[in-house]
Amino acid sequence: MTAMTSFGWGLAWTSVTIALFLLPLLPALAELRRRRDIGPIPIDGADSGETAYRLEALASQLPDLASLGQAGSWLQNDTYVVPSGVHIPSVRTLLAVHMERGAAADMLISEETLVMEQGAQVRHLVHAESIVSNGPVALHGRASASSLLVLAAGSRTFRTAAPCIVTAPLRAAPEATQADAPPTPLTLVPERHTGDLLIEAGEVRFADLVVGGNLVLGEGARVVGHIKAHGSIDLAEGASAQGALFAGGHIRCRGGNRVQGPISAAWRVELGSGTRAGSPSVPCSVSGWEVELGPSVAVFGAIASVGGCHVSEAV
C-alpha cells in the first residue's frame with residue numbers, strides 16, 4: 001500500500017510539473033489548432049518607393065473636391081478658392097486650389113498649383129504641381145510638389161520634398177551657376193583630425209575630412225570633399241563644400257553658402273540667407289532635429305525634421 005501511495009504521489013508531481021511547463025505554450029498550441037493570427041501584409045510589386053506612386057495610390061482613395069456640397073460656389077476660373085476659416089476633409093482635385101487666410105485641410109492632392117494665404121494649413125499631407133505661400137503657413141506631416149515649393153517667412157513644415165524648395169523673397173528656382181559641380185566621390189583614406197579644425201578664410205582643401213571636434217570654415221573657404229565632424233560645423237559667409245556635411249552637433253551656414261551634398265546634423269541645421277543646398281543636377285537632403293531657413297534659401301531636394309522646419313526673417 002505504501003509503494004502504491006509513493007507511486008501515486010510521484011505520478012501526480014510529474015503531471016503537475018509537465019502541466020507547468022506546458023502552460024506558457026497553451027497560446028501557441030491553441031494557435032496551431034485554430035489559426036487566428038494576422039496574415040502577412042501583401043507586397044505591391046509595382047511600388048517603386050517613389051513619392052509619385054504612393055500619391056497616385058492614395059489619390060484614388062480620396063473623394064473629389066467637387067463632391068463637397070459647397071465646393072461649387074468656390075469655383076472661380078478653374079480654381080477652387082477655399083474661403084477664410086473653412087476646414088475641408090481629405091480630398092483630391094485636378095484643378096488649382098487657393099486657400100484663403102485661415103483655411104485648413106486634412107489632406108489635399110492637386111494636379112495644379114496650390115496657393116496658400118497667411119494662416120492656411122494642411123494637417124497631414126499635401127501635394128500639388130507647385131505650392132506657393134503668400135504668408136506664414138503650416139504644412140504638418142508630408143508636403144511635396146512636382147516642380148516648386150515656395151515658403152514665406154514664418155512658415156513651418158516638417159517633411160517637404162520638391163525639385164526645388166525656396167524661401168521668400170525668392171519665387172522661382174535660382175539659375176544654375178558655374179559653381180555647381182557633379183557629385184564628389186569618396187576617397188579611400190580621409191584626412192583625420194583629432195580635435196577642432198579651422199580652415200582659414202579663402203583656403204581651398206581637396207580632401208574628405210573626419211574631425212573629432214568642431215569644424216569652422218572661414219569666409220570664402222572651400223572644401224572639395226565630404227565632411228564628418230563629431231562636434232559642430234560652422235560655415236562663415238561665402239564658404240562652400242563640394243560634398244556632404246554630417247555633424248554630431250549643429251550645422252550652421254551663415255549666409256551665401258554653397259553645399260553640393262546632403263546636410264545632416266544630430267541637432268540643429270541653420271541655412272542662412274542666400275544659401276544653396278544641392279543643384280538641379282545634384283539633388284540633396286537636409287535633415288536635423290530642427291531646421292531653420294533664412295531668406296532666399298534654395299534646397300534642391302528634401303527637408304526632414306523632427307521638431308519642425310521654420311522659415312525666419314534672418315538666420
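Right above here is the structure, for reference.
Definitions and cut-offs
Residues numbered from 1 in each chain as written. Predicted model: local features only at pLDDT ≥ 70, side-chain atom pairs only at ≥ 80, totals over all residues. Heavy atoms only, no water. Helix = DSSP H or I, 4+ residues; strand = E, 2+ residues; numbered from the N terminus. Buried < 20%, exposed > 50% of the residue type's maximum accessible area, 1.4 Å probe, protein only. Contact = heavy atoms within 4.5 Å. Patch = residues over 30% accessible without salt bridge, like charges linked within 9 Å, V, L, I, M, F, W, Y side chains within 5 Å. Areas by Shrake-Rupley, 256 points an atom, 1.4 Å probe, with all protein chains shown as cover. Salt bridge = Lys/Arg side-chain N within 4 Å of Asp/Glu carboxyl O. Lys, Arg positive; Asp, Glu negative; His and termini not counted. Charge placed at Lys NZ, Arg CZ, Asp CG, Glu CD. Core = buried A, V, L, I, M, F, W, Y, C linked by side-chain atoms within 4.5 Å.

Peer 1: For this particular structure, what's the right way to read the overall build of the chain?
Peer 2: Looking only at helices and strands, the chain has three helices and 28 strands in total. By residue count, 43% of the 315 residues in the chain fall in the buried class. Long-range contacts, defined here as pairs at least 24 residues apart, represent 18% of the contacts in the chain between residues at least 6 apart.

Peer 1: Help me understand a negative patch on the surface, please; the structure alone is not making it clear to me.
Peer 2: A cluster of like negative charges, contributed by E56, D78, E111, E112 and E129, occupies part of the molecular surface. Relative to the elements of secondary structure, E56 occurs in helix α3 (residues 51-59).

Peer 1: Explain the environment of V82 to me, please; I cannot follow it from the model alone.
Peer 2: Within the secondary structure, V82 is located in strand β2 (residues 79-82). With a relative accessible area of 0%, V82 lands in the buried category. With 15 residues separating them in the primary sequence, V82 and V97 have C-alpha atoms 7.4 Å apart. The residues contacting V82, other than those within four sequence positions of it, are W74, I88, V97, H98, M99, E100 and A103.

Peer 1: What is the right way to read unusual backbone geometry from this model?
Peer 2: It is generally the case that most residues other than glycine have a negative phi and that most peptide bonds are trans. Note the cis peptide between A168 and P169, where omega equals 10°. Along the chain, the position of P169 falls in the loop between β10 (156-167) and β11 (191-193). Unlike most non-glycine residues, N77 shows phi in positive territory, near 50°. By the secondary structure assignment, N77 is in the loop between β1 (75-76) and β2. Accessibility expressed as a relative area gives 75% for N77, which makes it exposed.

Peer 1: Help me understand the nonpolar core, please; the structure alone is not making it clear to me.
Peer 2: Generally speaking, nonpolar side chains in soluble globular proteins are found buried as a group. Formed by 62 residues in total, the largest nonpolar core has its most connected members in M99, L114, M116, I233, L271, V286 and V299. In terms of residue count, strand β9 (residues 138-151) provides more of this core than any other element does, five residues in total. Ignoring any residue separated from it by four or fewer positions in sequence, one finds L114 in contact with V97, M99, L108, V126, A128, S130, I131 and V132. The next biggest cluster of nonpolar side chains, apart from the first, holds eight residues, and it includes V150, V166, L170 and A298.

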